Amino acid sequence: MKRNLLKASFIAALLTATFGQAQEGKLDNLKPRDKTGLTVFENPKDTVTTFDHLRVKVGGAFALQFQAIQHENNATPVLNSAGVNTNQLFDIGNNINLPTANLDLDVALYDGVNLHLRTFLSSRHHNETYVKGGYLQVDKLDFIEKGFAENIMKYATIKVGQDQINYGDAQLRRSDNAYAIMNPFVGNYLMDAYATFPFAEVYYRRNGVIVMGGVTNGRLNQTATGGTSAGIYGKLGYDKQLTNDLRVRLTGSFYNIARASRLDFYNGDRAGSRYYFVMENTAATSKDQMRSGMVDPDFQNTLRTFMINPFIKYKGLEFFGIFESASGRNLTETERRTYNQYAAELIYRFGSTENFYFGGRYNKVDGKLISGDDISVTRYNIGGGWFMTKNILTKLEYVNQKYDGYPATNIKKDGKFNGFVAEAVISF
């Protein structure tokens, strides 16, 4: 970790020295990464332009948690060749988790053309620095000819890259490694539809209506092999500030891929879970078991899923919900299995600038294991936070999660964990 922090400091200093003359505080049509971006979902679409030369914004995020969680199970002992019970849970202590860090580069390349690149300087899964992903966003076609297709591009946006695809609204409120300022709680949702795929997306937004279509190959790691069909996805929604006090948003998203040699849709988060070592055995490592507490349906061959997300904000009261249904199969299966996810999140923000908040989240997933067992996992979070400035957030939560229906030889049999987690976040 010390090496990672030194590396992060060196890179930040180098970039500051290199781009110091070009550094700007705000670029057109990019989502703010501080408190002002809390209720912004997709990058905004604004016909007003401030572009006058190539500009570079260097940003970043840092996050650190203190975890005090206990867990237990009732699984039948399973001994490995060395006589060790692989269903014995890890002895979790109360301590500080691995600090995480992001580095962001946002570049205004041309009027209406932006580039975004995110690098994980330190994450739970990787000790080394690596590129998480990036994209090119086109809001104008003036590079072809001044005013080219301006009546269309007034409402349209084109995005191309390898980054998280725009399926569902939950992935726009989640913690992305150290970028945790958008998440009112510490953990992400149980079934986390997040992955960095190659993609192309086209948006049309007008009078509150959102229409988006995209295509991807559905692969996290790229290689020139066959056996994969194109994945298609889309989003249809309505997002409107109806009065000064009332904002309403409702979207529906779908994703479908008929055939793949490998799917990383529900296990594509290489940064990992915030709940370290929960429901893991004594041989677990922070890196290799980085998705502790999450639910992976284990669909590796085909997938069809949709998600509905309502969002309502009235003054300081904020509601966000999820209904998701996913069906697919593993490489060894012939029949599809189905997993459903439900979530409801209620937040109240208060203070002169809504710099304080408290609230709760309920999250449940049910489905069928490859073994045929019907399982369910439920979690609720209660907590709150304080924006010390628009770039600095501290939050505290109580989390309680339970597992039902797992077979006797599964380490999650009658499993549960609960406790407190505090997190400090800086984002700019």
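Heads up: the structure comes first, above all this text.
Here's a quick rundown of the structure. Keep in mind it's a predicted model, so treat the numbers as computed, not measured. (Residues numbered from 1 in each chain as written. Predicted model: local features only at pLDDT ≥ 70, side-chain atom pairs only at ≥ 80, totals over all residues. Heavy atoms only, no water.)

1. Thoughts on the overall build of the protein chain
Along the protein chain, the regular secondary structure elements total two helices and 17 strands. Principal-axis analysis of the C-alpha atoms gives the protein chain an extent of 70 × 45 × 45 Å. Across the 428 residues of the protein chain, 53% fall into the buried class. Put simply, 67% of the contacts in the protein chain that link residues at least 6 apart link residues at least 24 apart. When the accessible area of the protein chain is evaluated, it comes to approximately 18,500 Å², of which 59% is carbon and sulfur surface. Averaged over its 49 positive side-chain charges, the protein chain has a centre that lies 1 Å from the centre of its 42 negative ones. (Helix = DSSP H or I, 4+ residues; strand = E, 2+ residues; numbered from the N terminus. Buried < 20%, exposed > 50% of the residue type's maximum accessible area, 1.4 Å probe, protein only. Contact = heavy atoms within 4.5 Å. Areas by Shrake-Rupley, 256 points an atom, 1.4 Å probe, with all protein chains shown as cover. Lys, Arg positive; Asp, Glu negative; His and termini not counted. Charge placed at Lys NZ, Arg CZ, Asp CG, Glu CD.)

2. A short note on a nonpolar patch on the surface
Among the surface-exposed residues, Y314, L317, L346, Y348, F350, F356, F358, W386 and M388 lie close enough to one another that they form a single nonpolar patch of about 870 Å² accessible area. For the nonpolar patch, the secondary-structure elements that each account for two or more residues are β13 (337–350), β14 (356–368) and β15 (374–389). Tallying contributions element by element places β13 first for the nonpolar patch, with three residues. Along the chain, the position of L317 falls in strand β12 (residues 317–329). (Patch = residues over 30% accessible without salt bridge, like charges linked within 9 Å, V, L, I, M, F, W, Y side chains within 5 Å. Salt bridge = Lys/Arg side-chain N within 4 Å of Asp/Glu carboxyl O.)

3. Describing the side chain of R379
Turning to its location among the elements, R379 is positioned in strand β15. Salt bridges are absent for the buried R379, whose nearest opposite-charge side chain, E397, sits at 6.8 Å. Within the local environment of R379, its side chain forms a polar contact with the backbone oxygen of N188, the two atoms lying 2.7 Å apart. At 2.6 Å, the side chain of R379 and the side chain of Q401 are in polar contact. If we skip the residues at most four places from it in the chain, R379 touches G187, N188, Y189, L190, Y275, G293, R361, Y362, N363, V399, N400 and Q401. (Polar contact = N/O pair within 3.5 Å; in protein donor to acceptor, adjacent residues only side chain to side chain.)

4. Overview of the packing of aromatic side chains
Here a ring pair, both rings aromatic, is described through the centre-centre distance and the interplanar angle of the planes. Evaluated as defined, the whole model comprises 25 aromatic pairs. Measuring from centroid to centroid gives 5.7 Å for Y155 and Y204, while their planes differ by 55°, and the two rings are tilted. Taken as a pair, Y155 in the loop between α2 (150–153) and β6 (156–164) and Y204 in strand β7 (residues 196–206) lie far apart in primary sequence, 49 residues in all. In this structure Y204 comes out as partly exposed when scored by relative accessible area, which is 35%. Residue placement shows K159 over the ring face of Y135; its charged tip is 4.1 Å from the ring centre. Lying across the ring of Y357, R349 places its NZ or CZ 5.1 Å from the centre. (Phe/Tyr/Trp six-rings, centres within 6.5 Å; stacked < 30°, edge-to-face > 60°. Lys NZ or Arg CZ within 6 Å of the ring centre and 35° of its normal.)

5. Concerning the environment of L303
Structurally, L303 is set in strand β11 (residues 302–314). Placed 25 residues apart in sequence, L303 and V278 show a C-alpha to C-alpha distance of 28 Å. Here L303 is in contact with Y255, N256, I257, L263, F265, Y266, A326, S327, G328 and R336, once residues within four sequence places are set aside.

6. Concerning unusual backbone geometry
Here M279, not a glycine, exhibits a phi torsion of approximately 55°, which is positive. Note on placement: M279 falls in the loop between β10 (246–257) and β11. Residue class for M279 comes out buried when judged on its relative accessible area of 3%. In the Ramachandran plot, D414 falls in the positive-phi region, its phi being about 50° despite a non-glycine side chain. Following the sequence through the fold, D414 ends up in the loop between β16 (392–404) and β17 (416–427).

7. Comments concerning the side chain of Q65
By secondary structure assignment, the location of Q65 is in strand β1 (residues 55–72). Polar contacts involving the side chain of Q65 include one to the side chain of E423, which spans 2.9 Å.

8. So, the nonpolar core
Within the largest apolar cluster, 55 residues are counted, with the highest numbers of intra-cluster contacts made by Y255, F265 and L303. Looking at this core, the elements that each hand over two or more residues are β7, β10, β11, β12, β13, β15, β16 and β17. Excluding its chain neighbours within four sequence positions, the residues that come into contact with F265 are I165, Y167, D192, A193, Y194, A195, F197, Y255, L303 and T305. Core analysis: the next-biggest nonpolar cluster, separate from the first, contains 14 residues, A61, A63, I181 and F387 among them. (Core = buried A, V, L, I, M, F, W, Y, C linked by side-chain atoms within 4.5 Å.)

9. Notes on empty space enclosed by the protein
With the rule as written, the count across this model stands at five cavities of 30 Å³ or more. Estimates place the volume of the largest cavity at around 410 Å³. In this structure, the largest cavity is lined by 22 residues; those nearest its centre are K31, N43, Y135, Q164 and L172. Going through the elements one at a time, β4 (113–122), β5 (130–138), β6 and β7 are the ones with two or more residues in the lining of the largest cavity. For the lining of the largest cavity, the element with the highest residue contribution is β6, accounting for four residues. (1 Å grid on protein atoms, 1.4 Å probe; cavity = no way out; pocket = protein on both sides within 12 Å on 5 of 7 lines; lining within 4 Å. Points joined across faces, edges and corners; volume = space filled by probe spheres on them.)

10. Section: the layout of surface pockets
Here the largest pocket is characterised by a volume of approximately 560 Å³. Of the residues contributing to the lining of the largest pocket, the split by class is 14 nonpolar, five polar and seven charged. Taken together, 18 residues line the second largest pocket, and the ones lying closest to its centre are R205, G208, I210, D239 and R249. When residues of the lining of the second largest pocket are traced back to their parent elements, those giving at least two are β7, β8 (209–216), β9 (231–241) and β10. (Nonpolar A, V, L, I, M, F, W, Y, C, P; charged D, E, K, R; others polar.)

11. As for the pairing of β13
One ladder, built from twelve bridges, connects β12 with β13; its direction is antiparallel. From the neighbouring strand, G321 faces β13, where its bridge partner is A344. Bridge count for β13 against β14 is twelve bridges, and the pairing is antiparallel. Residue pairing in the sheet places F350 in a bridge with F356 of β14. In this structure, the hairpin formed by β13 and β14 is closed by a connection of five residues, where G351 is found at a positive phi of approximately 105°. (Pairing = 2+ DSSP bridges.)

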